[in-house]
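Survey of secondary and tertiary structure
So the chains spell out like this:
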Amino acid sequence: MKASPSERLPTTESVWALLEAVTDPEIPVVNLREMGILRNVEETATGFDITLTPTYSGCPAMDQMVDDVQSALHAAGLTAQVKIQLAPAWTTDWMSPTALLKLREYGIAPPHPRPVTSNNSTTSNAPPGGSPGLQKVTFSWRRNLTASDPIACPQCGSLDTTEISHFGSTACKALYRCLGCLEPFDYFKPY
Ligand SMILES: [Zn+2]
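Here is a short report on the structure shown in this document.

Cut-offs applied
Residues numbered from 1 in each chain as written. Predicted model: local features only at pLDDT ≥ 70, side-chain atom pairs only at ≥ 80, totals over all residues. Pairing = 2+ DSSP bridges. Helix = DSSP H or I, 4+ residues; strand = E, 2+ residues; numbered from the N terminus. Axes fitted to C-alpha atoms, helices over the stretch in contact; angles between N-to-C directions. Contact = placed C-beta atoms within 7 Å.

Some words on the sheet that holds strand β9 (residues 184-188)
Reading across from one edge, β6-β9-β8-β7 is the order of the four strands in this open sheet, with mixed pairing throughout. Among the strands making up the open sheet, the edge pair consists of β6 (108-109) and β7 (161-165). Judged from the two bridges that link them, β6 and β9 form a sheet pairing that is parallel. The residue of β9 that forms the bridge with A109 is Y187.

A look at the sheet that holds strand β5 (residues 80-84)
An order of β3-β4-β5 is seen for the three strands of this open sheet, with the pairing classed as mixed. Single-partner strands in this sheet number two, and they are β3 (38-43) and β5. Averaged over all neighbouring strand pairs, the angle between strand axes comes to 20 degrees, with direction disregarded. Relative to strand β4 (residues 48-52), β3 runs antiparallel, the two sharing five bridges. Looking at β4, one finds that N40 is bridged to T51. Relative to β5, helix α3 (residues 62-75) is tilted by about 155 degrees, and along the sheet it contacts β4 and β5.

Here you go:
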């Protein structure tokens, strides 16, 4: 069956753009692409294949993300199949600089870079069939930040902060308190 030639056919680019509106259920200011959760969009004979990688396996928000992606495409008259890709595992290093800034504005301290290991290859973790542009993000605004630097308070910027609990509102966040403004805040742990 052929689509009507009078209608402009959707492209993978238009689907990427459409999915800009789909946000992380746990962090509604950040969309799935900025989070590095939306990995790939591929055109198929019947519609589009969307690949998502959850922030951690067993992520309770995953079902909602799949529903949200399918709803967004169905609303645009497109058929989508959502595939969950667990390997390579998602890492906070896939979060875009925009996501990190939005996290901080939202009141969550963004993750520091992961500790540098001796196996410091920049390509070994790249997914074989993923979108090559996504995981090559460099965080220029925190280039000098290392894993052992203190966590800055997202409210006042103070570096005088202390961890209260290694597990905050969700397993991927730790609960901190700022000793400057005395406000508690979540720190998105690097992993
Ligand atoms: Zn503070």
